[in-house]
Amino acid sequence: MTGFPRFAIYFAAGPNSPLSRFGAELLGYDAYSGDEVSFPQAALQVAPDWRDITADPRKYGFHATLKAPMALVSGKTEAELAAACSAFAGKARPIPAIRPVVDAISGFIAVIPAEPVDALRELAADCVREFDSFRPPLTAEDRTRRKPEKLSERQRDYLDRWGYPYVMDEFRFHMTLTGRLDAERRGPIVEMLRARFAALRIGTLAIDRIALFRQDDARARFRVIGEWALTR
């Protein structure tokens, strides 16, 4: 994306939650505090290059995307976006709940739902629509960066309409833990991550909040600048 600062609306589990600590340790970065976090020894033992294989998700912090990163369209302000987040969270809606598991998705490893949840897809679609007025039109440069030639026709349509191809029925909830890995590397890493995740004993995860993240420039990591509990 060409404009900064950029903002994104994500699900994050809260600054004090075991799930957030789990993600921060594995990514080496806490998006709530902005602090570096030491990697667990188990990760370094299974992959001495753990810092490298988590470089991409570290930039974004541990999260699940609801509205993809965007600059603000001319005339809109950060304060207005925060107010819109508060208003969105204040509308009563079913609170999605998932059974979270660790698995590979498109070559990387993430926390994902064990089965589809309609209310979660609806929440994500509502976010895409509700906050789209804050997004500037997609530039030719940004469209090219998305490699539309590698997308399906429907994904290209979504890219052109919403500025991001993986929305609506293409949405897949995921909280990323690694970059893309060759198939032969994924097995032992998935096994280690599943063991660590099982220790959290999270049988059900409520997607009960939204967080506003900000990135100041192309080299900066995303930081949480606001968080709102959803209204049941």
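For the structure, see preceding data.
Residues numbered from 1 in each chain as written. Predicted model: local features only at pLDDT ≥ 70, side-chain atom pairs only at ≥ 80, totals over all residues. Heavy atoms only, no water.

S.K.: So, the overall build of the protein chain: which residues are in play, and what are the values?
M.R.: Secondary structure summary: the protein chain contains nine helices and nine strands in total. Against the 2.2 N^0.38 benchmark of 17 Å for 232 residues, the protein chain shows a C-alpha radius of gyration of 17 Å, consistent with a compact globule. Its C-alpha atoms give the protein chain principal-axis dimensions of roughly 50 × 40 × 35 Å. Across the 232 residues in the protein chain, those meeting the buried criterion constitute 47%. Relative to all contacts within the protein chain whose residues are 6 or more apart in sequence, the contacts with residues 24 or more apart total 73%. When the accessible area of the protein chain is evaluated, it comes to approximately 11,200 Å², of which 48% is carbon and sulfur surface. If the 34 positive side-chain charges of the protein chain are averaged to one point and the 31 negative ones to another, these points end up 1 Å apart. (Helix = DSSP H or I, 4+ residues; strand = E, 2+ residues; numbered from the N terminus. Rg over C-alpha atoms; globule rule 2.2 N^0.38 Å. Buried < 20%, exposed > 50% of the residue type's maximum accessible area, 1.4 Å probe, protein only. Contact = heavy atoms within 4.5 Å. Areas by Shrake-Rupley, 256 points an atom, 1.4 Å probe, with all protein chains shown as cover. Lys, Arg positive; Asp, Glu negative; His and termini not counted. Charge placed at Lys NZ, Arg CZ, Asp CG, Glu CD.)

S.K.: Please set out the pattern of salt bridges residue by residue, giving values where relevant.
M.R.: Taken as a whole, this structure holds 19 salt bridges when the rule is applied. Between aspartate 103 and arginine 194 there is a salt bridge, with the nearest N and O atoms lying 3.3 Å from each other. You can see aspartate 103 sitting in strand β4 (residues 100–105) and its partner arginine 194 sitting in helix α9 (residues 183–198), a full 91 residues away along the chain. With its nearest N and O atoms 2.8 Å apart, the salt bridge here joins arginine 135 to aspartate 132. By relative accessible area, arginine 135 is classed as buried at 15%. Aspartate 132 sits in the buried class, given a relative accessible area of 12%. The network of salt bridges with shared partners includes Lys67, Asp132, Arg135 and Arg161. (Salt bridge = Lys/Arg side-chain N within 4 Å of Asp/Glu carboxyl O.)

S.K.: Summarise helix α8 (residues 153–162); cite the residues concerned and give the values.
M.R.: Restricting attention to buried positions, one finds in α8 the residues Gln155, Tyr158, Leu159 and Trp162. Seen from one end, α8 has its buried residues packed into an arc of 105°, which puts them on one side. For α8, the secondary structure elements touched by its buried residues are β2 (64–70), α6 (118–130) and α7 (140–145). (Arc of directions from axis to C-beta.)

S.K.: Please provide a residue-by-residue account of the sheet that holds strand β6 (residues 175–176), values included.
M.R.: What the three strands build is an open sheet, ordered β4-β5-β6; its pairing is antiparallel. Across the chains shown, the open sheet's two edge strands, defined by having one partner strand only, are β4 and β6. (Pairing = 2+ DSSP bridges.)

S.K.: Quick one: what's the story with unusual backbone geometry, residue by residue and with numbers?
M.R.: With an omega of 0°, the peptide bond running from phenylalanine 4 to proline 5 counts as cis. Its place among the elements puts proline 5 in the segment before β1 (6–11). The phi dihedral of serine 106 is positive, around 55°, even though this residue is not glycine. With respect to the helices and strands, serine 106 occurs in the loop between β4 and β5 (108–113). Phi angles above zero are rare outside glycine, and methionine 168 is one such case at about 55°. With respect to the helices and strands, methionine 168 occurs in the loop between α8 and β6. Given a relative accessible area of 13%, methionine 168 falls into the buried group.

S.K.: So, the sheet that holds strand β9 (residues 223–229): which residues are in play, and what are the values?
M.R.: Consider a sheet: its strands pair through backbone hydrogen bonds, and that pairing is either parallel or antiparallel. The four strands are arranged β2-β1-β8-β9 in an open sheet whose pairing can be described as antiparallel. Each end of this open sheet is capped by a strand with a single partner; those strands are β2 and β9. Across the sheet, the mean angle separating the axes of adjacent strands is 15° when strand polarity is ignored. Examined bridge by bridge, β1 and strand β8 (residues 209–215) share five bridges and lie antiparallel to one another. Residue pairing across strands places arginine 6 opposite glutamine 215, the latter belonging to β8. (Axes fitted to C-alpha atoms, helices over the stretch in contact; angles between N-to-C directions.)

S.K.: Please give an account of the pairing of β4 that cites residues and values.
M.R.: Two strands pair when backbone bridges link them, and β4 and β5 are joined in this way by six bridges, in the antiparallel orientation. When the sheet's bridge partners are listed, proline 100 is paired in β5 with proline 113. Here β4 folds back onto β5 in antiparallel fashion, the turn holding two residues, of which serine 106 has a positive phi close to 55°.

S.K.: Mind laying out the packing of helix α1 (residues 18–27) against α9, listing which residues take part and the relevant values?
M.R.: Following both chains from N to C, one finds α1 and α9 inclined at 150°, their axes separated by 11 Å at the closest point. When the axis of α1 is compared with that of α9, the two are roughly antiparallel. Classified by chirality, the crossing of α9 by α1 is right-handed. Contacts between α1 and α9 involve Leu19, Phe22, Glu25 and Leu26 from the first element and Leu193, Arg196 and Phe197 from the second. (Parallel < 35°, antiparallel > 145°, perpendicular 65-115°, else oblique. Left-handed = near helix turned anticlockwise from the far one by under 90°.)

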